[in-house]
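Results of the structural survey
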Amino acid sequence: MSMDIDAPVSIAQRPVIPQNTATILCCNCGAPIDGTAAAGALCYDCVKLTVDISEGIPREATLHICRDCERWLQPPAHWVTAAPESRELLALCLRKLRGLTKVRIIDASFIWTEPHSRRIKVKITIQQEAFQGTILQQMFEVEYVVAYHQCPDCAKSFTANTWRAVVQVRQKVPHKRTFLYLEQLILKHHAHKDTINIKEVQNGLDFFYAQRNHAEKFVDFLTSVAPVRSKKSQELISMDIHTSTKSYKFSYSIELVPICKDDLVALPIKLAKSIGNISPLTLCYRVGTSINLIDPNTLQTADVSTPIYWRSPFSSLADVQELVEFIVMDIEPIGLPKGRFILAEATVARASDLGSNDTTYFTRTHLGNILHAGDSVMGYHLSGTNFNNPQFEALEMGKEKYASQIPEVVLVKKHYARRKKAAKNRNWRLKRMNKEEGEMLPRKQDQERTERDYEMFLRDVEEDAELRSTLALYKAEQEKKRAEQMEVDAAEAGSVAETEETGDDELPKIDMEELLDEFDELNVEDEEVG
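Basis of the calculations
- Residues numbered from 1 in each chain as written.
- Predicted model: local features only at pLDDT ≥ 70, side-chain atom pairs only at ≥ 80, totals over all residues.
- Heavy atoms only, no water.
- Helix = DSSP H or I, 4+ residues; strand = E, 2+ residues; numbered from the N terminus.
- Buried < 20%, exposed > 50% of the residue type's maximum accessible area, 1.4 Å probe, protein only.
- Contact = heavy atoms within 4.5 Å.
- Areas by Shrake-Rupley, 256 points an atom, 1.4 Å probe, with all protein chains shown as cover.
- Salt bridge = Lys/Arg side-chain N within 4 Å of Asp/Glu carboxyl O.
- Pairing = 2+ DSSP bridges.
- Axes fitted to C-alpha atoms, helices over the stretch in contact; angles between N-to-C directions.
- Phe/Tyr/Trp six-rings, centres within 6.5 Å; stacked < 30°, edge-to-face > 60°.
- Lys NZ or Arg CZ within 6 Å of the ring centre and 35° of its normal.
- 1 Å grid on protein atoms, 1.4 Å probe; cavity = no way out; pocket = protein on both sides within 12 Å on 5 of 7 lines; lining within 4 Å.
- Points joined across faces, edges and corners; volume = space filled by probe spheres on them.
- Nonpolar A, V, L, I, M, F, W, Y, C, P; charged D, E, K, R; others polar.
- Expected span 1.5 Å × (residues − 1).
- Core = buried A, V, L, I, M, F, W, Y, C linked by side-chain atoms within 4.5 Å.

Now for the overall build of the protein. Secondary structure summary: the protein contains eleven helices and 26 strands in total. Split into buried and exposed, the 530 residues of the protein put 39% on the buried side. Counting only contacts in the protein whose residues sit at least 6 apart along the sequence, the fraction spanning at least 24 positions is 67%. As displayed, the protein has an accessible area near 31900 Å², and 50% of this comes from carbon and sulfur atoms.

Turning to the pattern of salt bridges, a few remarks are in order. The tally for this structure, following the rule as stated, stands at 16 salt bridges. A salt bridge links E345 to R364; the shortest N-O distance between them is 3.7 Å. Residue E345 is found in strand β20 (residues 344-350), and its partner R364 is found in strand β21 (residues 361-365); the two are separated by 19 residues along the sequence. Note on R364: relative accessible area 33%, which makes it partly exposed. In the salt-bridge network here, residues are joined through shared partners; they are R177, K261, D262, K413, D460 and D464.

Right, let's talk about the sheet that holds strand β9 (residues 165-170) for a bit. Strands sit in the order β10-β11-β9-β13-β12 across an open sheet of five strands; the sheet is mixed. Edge positions in the sheet fall to β10 (195-201) and β12 (228-240), since each has one partner strand and no second. The mean angle between the axes of side-by-side strands here comes to 15 degrees, regardless of whether they run parallel or antiparallel. In the sheet, β9 pairs with strand β13 (residues 245-256) via six bridges, with the strands oriented parallel. Within β13, the position partnered with V169 by the bridge is I254.

Counting across every chain of the model gives ten aromatic pairs. Each member of the aromatic cluster is reached from another via a ring pair, and the members are F207, Y209, F218 and F221. Above the plane of the ring of F250 lies R212, whose end atom (NZ or CZ) is 4.4 Å from the centre. When the ring centre of W163 is taken as origin, the NZ or CZ atom of K249, which lies over that ring, is 4.1 Å away.

This part is about the layout of surface pockets. In this structure, the second largest pocket occupies an estimated 520 Å³ of space. Counting residues per element, the ones that place at least two in the lining of the second largest pocket are β6 (104-111), β7 (119-131) and β8 (134-148). With three residues, β7 is the single largest residue contributor to the lining of the second largest pocket. Of the residues that constitute the lining of the second largest pocket, the class distribution is 14 nonpolar, one polar and seven charged.

With that settled, the discussion passes to helix α4 (residues 177-189). With 13 residues, α4 extends 19 Å between its outermost C-alpha atoms, agreeing within 8% with the 18 Å of an ideal straight helix rising 1.5 Å per residue. Burial runs high along α4: eleven of the 13 residues are buried. For α4, the complete set of buried residues consists of R177, T178, F179, L180, Y181, L182, E183, Q184, L185, I186 and L187.

Another point: the sheet that holds β21. Read across the open sheet, the five strands follow the order β21-β20-β19-β22-β23; overall the sheet is antiparallel. This sheet does not close on itself; its edge strands, each paired only once, are β21 and β23 (409-415). The sheet shows a mean angle of 45 degrees between the axes of neighbouring strands, taken without regard to direction. The sheet contact formed by strand β22 (residues 376-381) and β23 spans six bridges and is antiparallel. Looking across to β23, one finds that V377 is bridged to K414.

This next bit is on empty space enclosed by the protein. Enumeration according to the criterion identifies two cavities of 30 Å³ or more in this entry. Of the pockets and cavities examined, the largest cavity occupies roughly 100 Å³. Within the lining of the largest cavity, the residues separate by chemical class into eight nonpolar, three polar and one charged.

Let us now look at the nonpolar core. Counting residues in each nonpolar core, the largest one holds 39 residues, and the members touching the most others are V167, V169, F207 and F218. Among the elements of the structure, β9, α4, β11 (204-209), α5 (212-225), β13, β24 (428-433) and α9 (444-463) are those that each provide at least two residues to this core. In terms of residue count, α4 provides more of this core than any other element does, seven residues in total. Apart from the residues within four sequence positions on either side, V169 is in contact with F179, L182, N203, G204, L205, F207, L222, I254 and L256. In terms of nonpolar packing, the next biggest core, distinct from the first, is built from 32 residues, I57, A61, I124 and V146 among them.

The next point concerns the side chain of T125. Mapping T125 onto the fold places it in strand β7. The class for T125 is buried, based on a relative accessible area of 7%. Once you skip the residues sitting within four places of it in the chain, T125 turns out to touch R104, I105, I106, D107, Q137, Q138 and M139.

Let us look at unusual backbone geometry. Cis peptide bonds are those with omega within 30 degrees of zero, and the linkage from P75 to P76 qualifies with 10 degrees. Along the chain, the position of P76 falls in the loop between β4 (72-74) and β5 (78-80). The backbone phi angle of H190 is positive, close to 55 degrees, even though this residue is not glycine. Residue position: H190 is located in the loop between α4 and β10. Take H190: its relative accessible area is 39%, and that puts it in the partly exposed class.

Right, here's the structure in full:
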């Protein structure tokens, strides 16, 4: 039995009848629009003409600026710095407008206005969905009126209570070399940029600040560069009993250790044993974050940190004002170099004794690398000198053998005899801070002492390369040319008088590679060296 299979039968497809979209007329202009997508029976052009998406956004506003510090008021009470037509000023202008949070800002830019018109115009482009599926974009202009309003900081500057915090830096020493070095560190690191005034007082400086955190930042800087101890105090200025708001003035007392570079120090015996069993009679060769001491007889060094010093403070036995000039008669190195020092045995004589007696002194020194026979050297003459110092008396009268180790002479540094015109021929200079003098005018002898201390500091900078590396030195081409012209004029008039005879080749020089180019800075005045 066989099964027959029917042949495939083709089925005709039904024709697709195109559907026409529902078209309606715009109720405003009569233009045909899609009725299913039309919003409010309006075409897109009529929607743009009838719907204002910028409604509620003001077209005029007022900006307040302080004419003294040129800062802009950012409500409610914040003052910001913004340059003309800057992004910061544009952001400030947009924040002044209410209603911008409901729309999307596409673009914003300034429109040029006359600088003296005290008007600022901004063109703003926004987007917003007017109806469902209909997004509109609109552009409009806003005009700002610039009004003057004095900020609280400037208003306070015209009153007696202008500062909020003061940092009082003091050091009880007879010279200002440490403060001159500290001043250069402050200028190099721009630590004085937040001060509103710097006042020079006896034994130190006062730094005034408008904010407490600026003063604390400066105290942290001083702690990081010098051995100091600080003390904080506060004074209640005013108090609101209704809101419990109090206003204080803060004072920070900073005391530097009274030990300076090249000072002769007599350590307490107990302290000398605790820092490496160094000889109690030492020489301070550097003051950084700690006091660096060296024993000229053995080249042993020790560091006295700030906490250790203030736990058992001591004063210097002699300072640089008591240095005596000696002439090196003979010198011989006896040891290997240790850093920049070489131990040597020297025979010296006082410069004032030459020609009157033949007294010489035998001593050991750490300056074996720079001293030669015939050189002048500055040192402390201990033979026959009485010191009113309890630590030195303990060395002389102690049971231990410290009295026999006290040398007759302690050499400190090489002395370079300079001509009078040497100070004017320096090819470098230092910046000075613009300080306000105290209430009492300095006496003539105080001014002369200040100039003498500054000249000694400049000589230390020339002679000590390690000290020079921590400072910022600048080129002084104009001052050098002016000094050379004055010397030429004086030579032609026959009025040049030289009192010291030394070749310029022997004087320490500073390479031009170590000097920085000149620049201008606010609150910093140029100081001519010499």
